[in-house]
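Observations on the model geometry
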Amino acid sequence: MLNSILDLLLKQIFGQPFLLIAIVVFIGYMAMKQKFTKALGGAAKAAIGILAMGMGSGALISNFGILLTALTNATGIQGAGLNTYPTMTASYEKMDAILGSGTGATWGIYTLLVAFILNLALVALRKFTHIRAVYLTGNAMIVQAGISTYIVWRFLGMGMIPTVLIAAIVTALYWGICSTLLIGPTHAVTGADFTVAHQQMLMDYVAFKVAPKLGNAEKDDIEKKKLPASLSMLQDSVIATALVMFISVAAIFLVIGGDQIEWLRTGEGGFGQATYKNNIVFLLWIAMTLTANIVVLLYGVRMFVGEIMMSFKGISEKLLPGAVAGVDCAAIFGFAPKSVVLGLLFGALGQVVGLLLLFVFKSPIFLIPGFIPLFFDNATISIFANKAGGWKAAAIIVTFNGILQILGSALAVGMMQLTWWQGSADYATIWVAIIAIFKAIGGFLGIPIAG
């Protein structure tokens, strides 16, 4: 009887991410004294969002994996995609293969919850910690907690409790310190009392500090200049994602050649799309399919993130009135729309240069750019750089960041052995260092790499 109850609680309820998130959201709404029906509705939407995210992510990983297989067959090069959510789910798949189905996501959610509590504690102790920001960007939180969990487990090989605690401490410190650094720069851009909490916070801060040495903000502020109307379409995330996917798949087609394209079309393990005999039509189908996978994934993310963010925000406001809220970087895009387009263009240029450098140095790893690190990273960095140093400074910094995203991510993929990597600026710099530290600790202690 006791075993049946424990199995129900630990595996079938608290071991299922869609139920665990639903319970957290429900508790958060009830703590804010919301109506029972609103709390129940929020919990249901969060659960459905988790499942939709899994469907989109699973399809994306599967379809992208077919492309990478063709690339490896043709060149022998290891391929990896740059995107946030697939990195988390790919990490969980590695954990699940050894620890059992659903384990990775469950541990990741526990890390998320503990890290959020620690973030609140660091703000409560701000007299000593100087940390003032509560990180509330739910979509980034769940990805970062998941990746942290995998890093600790991979290199230290510990059980759930120590893995969750160590991962949560590292994640909470990253959230608190870096989002606090951006309180002043965010106020300079928006005039509002919130801060950016995302995945390129350290580079945002560096850009804001370095930009005045590279340009003149008063003379070269791009927000005061006129941009061609044709560039406005790049502000539509779906269109921009489709464009990135088309260019990426076209590049793969050029590299792999006709035999592997035919394998993709009709071979065992390929896409099974013999109808698309024309290569251009087939290319379009793949690019649009990958984009559709991402759209489903992001729709699911928005569903559950909207609910969990409201829940977390309510909890933090009750516990820590006066704390500075850390929100999604997209919140500042409306204050500097031209900087957003500038960031996308020069970030893409930087990533192309980075990919060329991988070829020049004969890297065994080939990376496929992803829309989220390409767009959100470089747009946000561009906004801070333009505000402090004008468009010329922003262009230089964002181009450099694009190169850094590629080269740093190649190092991360080599250490993590994943077919996806997060790709954002901080995950190509400071988090590469964190991975190297955990790898060194595990090696020093003689701990075998877990996955």
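Read on for an overview of the structure. Being a predicted model, the structure only gives us computed values, none of them experimental. The numbering scheme is per chain: residues are counted from 1 as the chain's sequence reads. A pLDDT threshold of at least 70 governs which residues receive local features in this predicted model, and a stricter bar of 80 or more applies before side-chain atom pairs are shown or counted, although totals over entire chains, interfaces and linings include all residues. Think of the side-chain values as coming from all heavy atoms in the structure, minus any hydrogens and water.

1. A short note on the sheet that holds strand β5 (residues 365-368)
Applicable threshold: DSSP calls a pair of strands paired once it identifies at least 2 bridges connecting them. For the purposes of this entry, the term helix denotes a DSSP run of H or I that reaches at least four residues, the term strand denotes a run of E that reaches at least two, and both are numbered from the N terminus.
In space, the 3 strands of this open sheet follow the order β5-β1-β6, with parallel pairing throughout. Single-partner strands in this sheet number two, and they are β5 and β6 (420-421). Sheet topology places strand β1 (residues 78-82) next to β6; 2 bridges connect them, and they run parallel. Considered in β6, the bridge of G81 is made with W420.

2. Side note on the packing of aromatic side chains
Spelled out, the test is: Pairing of aromatic side chains requires ring centres within 6.5 Å, counting the rings of Phe and Tyr and the six-membered ring of Trp. Pairs whose planes differ by under 30 degrees are stacked, by over 60 edge-to-face, and all others tilted. For every residue, the accessible area obtained with a 1.4 Å probe (protein chains only) is divided by the maximum for its type, and the residue is called buried under 20%, exposed over 50%, and partly exposed between those limits.
Inspection of the entire model under this criterion finds 14 aromatic pairs. With 6.4 Å between their ring centres and 90 degrees between their planes, F208 and F384 make a pair best called edge-to-face. Here F208, found in helix α10 (residues 201-214), pairs with F384, found in helix α15 (residues 371-416); they are 176 residues apart in sequence, far enough to count as distant. F384 carries the same exposure label as F208, and that label is buried. Grouped by ring-pair contacts, the aromatic residues F253, F271, Y276, F282 and W285 constitute a single cluster.

3. Examining the sheet that holds strand β2 (residues 133-135)
Pairing within the open sheet is parallel, and its 3 strands lie in the order β2-β4-β3. Two strands lie at the open edges of the sheet, namely β2 and β3 (195-196), each paired on one side alone. Where β3 and strand β4 (residues 324-327) come together, 2 bridges link them in parallel fashion. Across the sheet, the residue bridging to V196 is V327, located in β4.

4. Quick word on helix α4 (residues 84-99)
To keep it simple, the criterion reads: What a helix should span is 1.5 Å times the count of its residues minus one.
With 16 residues, α4 ought to run about 22 Å at 1.5 Å a step, and its terminal C-alpha atoms sit 23 Å apart, in line with that. Positioned one or two residues after α4, G100 has a phi angle of 115 degrees, which is positive.

5. A look at the pattern of salt bridges
Opposite charge on two side chains allows them to pair when their charged atoms are near. Condition: Salt bridges, as used here, are contacts in which a Lys or Arg side-chain nitrogen is within 4 Å of a carboxyl oxygen on Asp or Glu.
Tallying each qualifying case throughout the model produces 1 salt bridge. E262 is the partner of R265 in a salt bridge, and the nearest nitrogen-oxygen pair spans 3.0 Å. Taken together, the positions of R265 and E262, both in helix α12 (residues 237-266) and 3 residues apart, correspond to about one turn of that helix. For R265, a relative accessible area of 6% gives the class buried.

6. Observations concerning the nonpolar core
Quick note on the threshold: Throughout, nonpolar core names a set of buried Ala, Val, Leu, Ile, Met, Phe, Trp, Tyr and Cys residues whose side chains join them through atoms within 4.5 Å. Here a residue-residue contact requires only that any non-hydrogen atoms of the pair lie within 4.5 Å.
By size, the foremost hydrophobic cluster in this structure holds 134 residues, and its most contacted members are F253, L264, F333, L367 and W421. The greatest single-element share of this core, amounting to 21 residues, is contributed by α15. Not counting residues within four places of it along the chain, the set of residues in contact with L264 comprises I66, L67, A70, F253, I256, G270, F271, G272 and F282.

7. Remarks on the environment of K362
Here K362 is to be found in the loop between α14 (337-360) and β5. The class for K362 is exposed, based on a relative accessible area of 72%. Between the alpha carbons of K362 and I77 there is a distance of 9.7 Å; along the sequence they are 285 residues apart.

8. A look at the environment of N216
The condition that has to hold: The term polar contact refers here to a pair of N or O atoms within 3.5 Å; inside protein, the definition further demands a hydrogen-donor-capable atom paired with an acceptor-capable atom, and it admits residues adjacent in sequence only when both atoms are side-chain atoms.
Locating N216 in the fold gives a position in the loop between α10 and α11 (217-220). Each C-alpha atom, one on N216 and one on A388, is 7.7 Å from the other, the two residues being 172 residues apart in sequence. Residues within four places of N216 in sequence aside, it is in contact with D221, G389 and G390. A distance of 3.0 Å separates the side chain of N216 from the backbone nitrogen of E218, its partner in a polar contact.

9. Brief notes about a nonpolar patch on the surface
Heads up, the condition is: For patch building, the residue pool is restricted to those with more than 30% relative accessible area and no salt bridge; the joining distance is 9 Å between like charges and 5 Å between nonpolar side chains (Val, Leu, Ile, Met, Phe, Trp, Tyr). Computed with the Shrake-Rupley method and a 1.4 Å probe, the accessible areas treat only the protein chains shown as cover for residues.
A cluster of nonpolar side chains, contributed by L243, F246, I247, I280, L284 and M288, occupies part of the molecular surface with about 540 Å² of accessible area. Those elements that provide at least two residues to the nonpolar patch are α12 and α13 (279-319). Mapped onto the secondary structure, L284 falls in helix α13.

10. Topic: α10
Each α-helix winds once per 3.6 residues, and so residues spaced three or four apart point in a common direction. Using the following cut-off: Each residue is assigned a bend, namely the angle between axes fitted to the seven residues that terminate at it and the seven residues that start at it.
The end-to-end C-alpha separation of α10 is 20 Å, in line with the 20 Å expected for 14 residues at 1.5 Å each. Helix geometry: α10 is bent most strongly at F208, by close to 30 degrees, with proline P212 lying one to four residues after it. Among the residues of α10, M201, M203, D204, A207, F208 and A211 are the ones counted as buried. Of the surrounding secondary structure, the elements contacted by the buried residues of α10 are β2, α8 (160-181), α9 (183-190), β3 and α15.

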